[in-house]
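# Tertiary structure, described
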Amino acid sequence: MPILVMKFGGTSVATLDRIRRAAKRVGREVANGYDVIVIVSAMAGETNKLVGYVDETSPLYDAREYDAVVSSGENVTAGLMALTLQEMDVPARSWQGWQVPLKTNAAHAAARIMEIPTDNIMAKFGEGMKVAVVAGFQGVSPEGRITTLGRGGSDTTAVAFAAAFGAERCDIYTDVDGVYTTDPRICEKARKLEKIAFEEMLELASLGAKVLQTRSVELAMRFKVRLRVLSSFEDNDEHAGTLVCDEEDIVEQNAVAGVAYSRDEAKMTLVSVADKPGIAAAIFGPLADAGVNVDMIVQNISEEGRTDMTFSCPTNQVARARQAMEGAKDRGEIEYNDLIADTDVCKVSIVGIGMRSHAGVAAKMFAALRDEGINIRVITTSEIKVSVLIDRKYMELAVQALHDTFELEKTA
Ligand code: ASP
Ligand code: MG
C-alpha cells in the first residue's frame, strides 16, 4: 500500500470536534487506498501552557525535565486521534516518540533526529492496521531520555517520517490554506501560491514566515519529500493548498516569489573600532561563543584607521551581545568608543529563485523603498534573496510597496 503522512497542527486538533473532523479526512485517505501515518501536535495553546508551568516551577530548569513536561501535550492528542479513528471503525493505534523509537541526539529542547526505524510500524500495517498515529515533536535521546525538537517541531517529525517511510506525500494541515506571497494580515493583496520551490520556502521560513518549521523544509529539500500545506477547515481536493517542491516542477516563475518580514531584529553598532587584521574575528568570535545569532554584518569604510562595525541579531539577544562585547573590551581584545543598540528596526526581505536569472531585482527593491521615503539601514543579499533593515514603523508600508512593485498579486 502507498503511504501518506498527514500532519495536524494545534488548531486542527484543538477540540474533540476538530479531532473528529481531522479523523474523517484520514478515513477518506484510507478509503483512497493509503496506509496513513498521522502526526499530531498538541491542542492549540497547550504547549505554551506547559512551558509556562516549567518556567514558573524552575526558572533555570533542567532541560531534560522541560522536555518531559512539554512533550506531553502530543501524547494526549495522539491517543485521542487513535480512539476517534477506532470509533469510526478505522484500525488505528498511537505511538509516542520513544515507542517508535524516534531516535534523536541529546540536545534537549532542540534535538536533531538521528534515525527512525520503520519495522515496528510496518509490521502493524502488515497486520491490517490502517493508521499509525504518532505524537509529533518528541523523541528519545541515546541516554533514553525524552527529547523535543524545538517549537514547531511536529512539522519536522512529519517530514522525517515521510522520508523514512518513502511516503508518497506529506500533507501539513494547518489553519491557513497554504503559503502566501506575504502575510495576508498586513497586505490584503497577498496571493496564495500554488507551488513554491524548497529553497524559496526555506528562505521564507527562516526569514520569518511562520507556516513551517525551518528544519522541516531543510529535511524535505534534502530527501525530496513532496510537501503540501493546506487548511484543515476547508474541504479540499488533491490540488488544494500549496505544494512545496523541486524548482524543476515549477514552470512559470516570477523573479520574486514572496516578501517576508521579521520584527524580531535589533541593530548593534560598535563605534570607532580599530581597522586592522583580525578585528572581525575579535568581535564575532566572542558573539558566537555567547550564542548570539548574528545575521547581517556591515563594516564601514575606515577613516584614519578607525571604522564602525554594525550587525543585527534577535532582539532578545541584545543584552547577551552587549555583555560579550564589554567582556572582550575588558580583556583588551577589542576597543571601541561606543556600543549603540537600536531595537526599533525590522527586517524585510524579498525571496525568489528567479533572481538568479533576472538582473536588477535588488535595484528595483531599493527604488520602491526610496519612493516611499524609507531609509535603508543595512542590506544583505544571497543568490535568491535581498534583505534590508529599516525602521520598524515602516514595516507594513515596505511589505505592501514591495508586493506592488513586483506585482506579486499576479501569477507569472
Ligand atoms: N506543540 C509543539 C509546539 O507548540 C510542537 C508543534 O506543534 O509543532 O511548538
Ligand atoms: Mg506549527
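Keep in mind that this is a model prediction, so the values were computed, not measured.

Conventions adopted
- Residues numbered from 1 in each chain as written.
- Chains lettered and ligands numbered in written order.
- Predicted model: local features only at pLDDT ≥ 70, side-chain atom pairs only at ≥ 80, totals over all residues.
- Heavy atoms only, no water.
- Axes fitted to C-alpha atoms, helices over the stretch in contact; angles between N-to-C directions.
- Helix = DSSP H or I, 4+ residues; strand = E, 2+ residues; numbered from the N terminus.
- Parallel < 35°, antiparallel > 145°, perpendicular 65-115°, else oblique.
- Contact = heavy atoms within 4.5 Å.
- Near = heavy atom within 4 Å.
- Polar contact = N/O pair within 3.5 Å; in protein donor to acceptor, adjacent residues only side chain to side chain.
- Nonpolar A, V, L, I, M, F, W, Y, C, P; charged D, E, K, R; others polar.
- Pairing = 2+ DSSP bridges.
- Salt bridge = Lys/Arg side-chain N within 4 Å of Asp/Glu carboxyl O.
- Buried < 20%, exposed > 50% of the residue type's maximum accessible area, 1.4 Å probe, protein only.
- Left-handed = near helix turned anticlockwise from the far one by under 90°.
- Expected span 1.5 Å × (residues − 1).
- Arc of directions from axis to C-beta.
- Phe/Tyr/Trp six-rings, centres within 6.5 Å; stacked < 30°, edge-to-face > 60°.
- Lys NZ or Arg CZ within 6 Å of the ring centre and 35° of its normal.

### A short note on the packing of helix α3 (residues 63–70) against helix α4 (residues 72–87)
Any two packed helices are characterised by the angle at which their axes cross and by the distance between the axes. Running from N to C, α3 and α4 cross one another at 25°; their axes reach a closest spacing of 4 Å. As far as their axial angle goes, α4 and α3 are roughly parallel. Contacts between α3 and α4 involve A68, V69 and V70 from the first element and S72, G73 and E74 from the second.

### A short note on the site of ligand 1
Residues in close proximity to ligand 1 include S41, A42, T47, E74, F137, R151, G152, G153 and S154, which together make up its full environment. Interatomic distance of 2.9 Å between a side-chain N/O atom of S41 and an oxygen atom of ligand 1. In the environment of ligand 1, a nitrogen atom lies 2.7 Å from a nitrogen or oxygen atom belonging to the side chain of E74. By residue class, the composition of the shell around ligand 1 is two nonpolar, five polar and two charged.

### Let's talk about the pairing of strand β16 (residues 338–351)
Regular strands show a simple pattern: their side chains alternate between the two faces of the sheet. Examined bridge by bridge, strand β13 (residues 258–274) and β16 share 11 bridges and lie antiparallel to one another. Its bridge partner being in β16, E265 is matched across the sheet by V345. Inspection of the sheet shows β16 paired to strand β18 (residues 385–391) by seven bridges, in the antiparallel sense. Note on β18: the bridge partner recorded for I350 is V386.

### What to know about the pattern of salt bridges
If charged atoms from side chains of opposite charge come close, those side chains can pair. Within this structure, the stated rule accounts for 25 salt bridges. Ionic pairing is found between R20 and D17, a salt bridge with its closest N-O pair at 3.6 Å. In this pair, R20 and D17 both sit in helix α1 (residues 16–31), three residues apart, roughly one turn of the helix. Taking the relative accessible area as the measure of exposure, R20 reaches 43% and is therefore partly exposed.

### Section: the packing of helix α6 (residues 154–165) against helix α8 (residues 214–223)
Their axes nearest at 8 Å, the elements α6 and α8 cross at an angle of 15°. Our classification of the angle between α6 and α8 gives roughly parallel. Along this stretch, α6 crosses α8, giving a crossing that reads as left-handed. Every residue of α8 that contacts α6 at D155, T156, V159, A160 and A163 is listed here: R215, S216, L219, A220 and F223. Looking at the contact of α6 with α8 residue by residue, the class counts come to six nonpolar, two polar and two charged.

### What about the pairing of strand β9 (residues 169–174)?
The buried fraction of β9 amounts to six of the six residues, a majority that puts the element mostly inside the structure. Burial along β9 is two-sided: R169, D171 and Y173 facing one way and C170, I172 and T174 facing the other are all buried. Pairing between strand β1 (residues 3–8) and β9: five bridges, direction parallel. In the strand pairing of β9, M6 is matched with D171.

### Remarks on helix α2 (residues 46–57)
Across its 12 residues, α2 extends 17 Å between first and last C-alpha, which sits within 8% of the 16 Å expected from 1.5 Å per residue. Three or more residues of α2 are buried, namely T47, L50, V51 and V54. When α2 is viewed along its axis, its buried side chains cluster within an angular range of 100° and face the same direction. In this fold, the buried residues of α2 make contact with α3 and α4.

### Some thoughts on the sheet that holds β9
Taken in spatial order, the eight strands make up an open sheet running β3-β6-β2-β1-β9-β11-β12-β10, and their pairing is mixed. Of all strands in the sheet, those bounded by a partner on one side alone are β3 (92–95) and β10 (195–197). When strand polarity is set aside, the average angle formed by the axes of neighbouring strands in this sheet is 20°. By the bridge criterion, four bridges tie β3 to strand β6 (residues 131–135) in an arrangement that is parallel. Across the sheet, the residue bridging to A92 is V131, located in β6. Packing of α1 onto the sheet brings it into contact with β1, β2 (35–40), β6, β9 and β11 (227–231), and relative to β1 it is tilted by some 170°.

### Details of the side chain of Q138
Within the secondary structure, Q138 sits in strand β7 (residues 138–140). Among the polar contacts made by the side chain of Q138, one reaches the main-chain amide nitrogen of G97 at a distance of 2.8 Å. Once residues lying within four places of it in the same chain are set aside, the contact partners of Q138 are S71, E74, N75, Q96, G97, L102, T147 and T148.

### Some thoughts on the packing of aromatic side chains
Using the criterion set out here, one finds four aromatic pairs in the structure. Here Y61 and Y66 contribute two aromatic rings whose centre-to-centre distance is 5.0 Å and whose plane-to-plane angle is 20°, an arrangement assigned as stacked. Look at F284 and F311: their rings are 5.7 Å apart centre to centre, the planes differ by 80°, and that puts the pair in the edge-to-face class. Linking F284 in helix α9 (residues 279–289) with F311 in strand β15 (residues 306–313), this pair joins segments that are 27 residues apart in sequence. Taking relative accessible area as the criterion, F284 reaches 17% and is therefore assigned buried. What makes F311 buried here is its relative accessible area of 1%. Sitting over the face of the ring of W95, R93 holds its NZ or CZ atom 3.8 Å from the ring centroid. Geometry around Y336 places K329 over its ring, the cationic atom sitting 4.4 Å from the centre.

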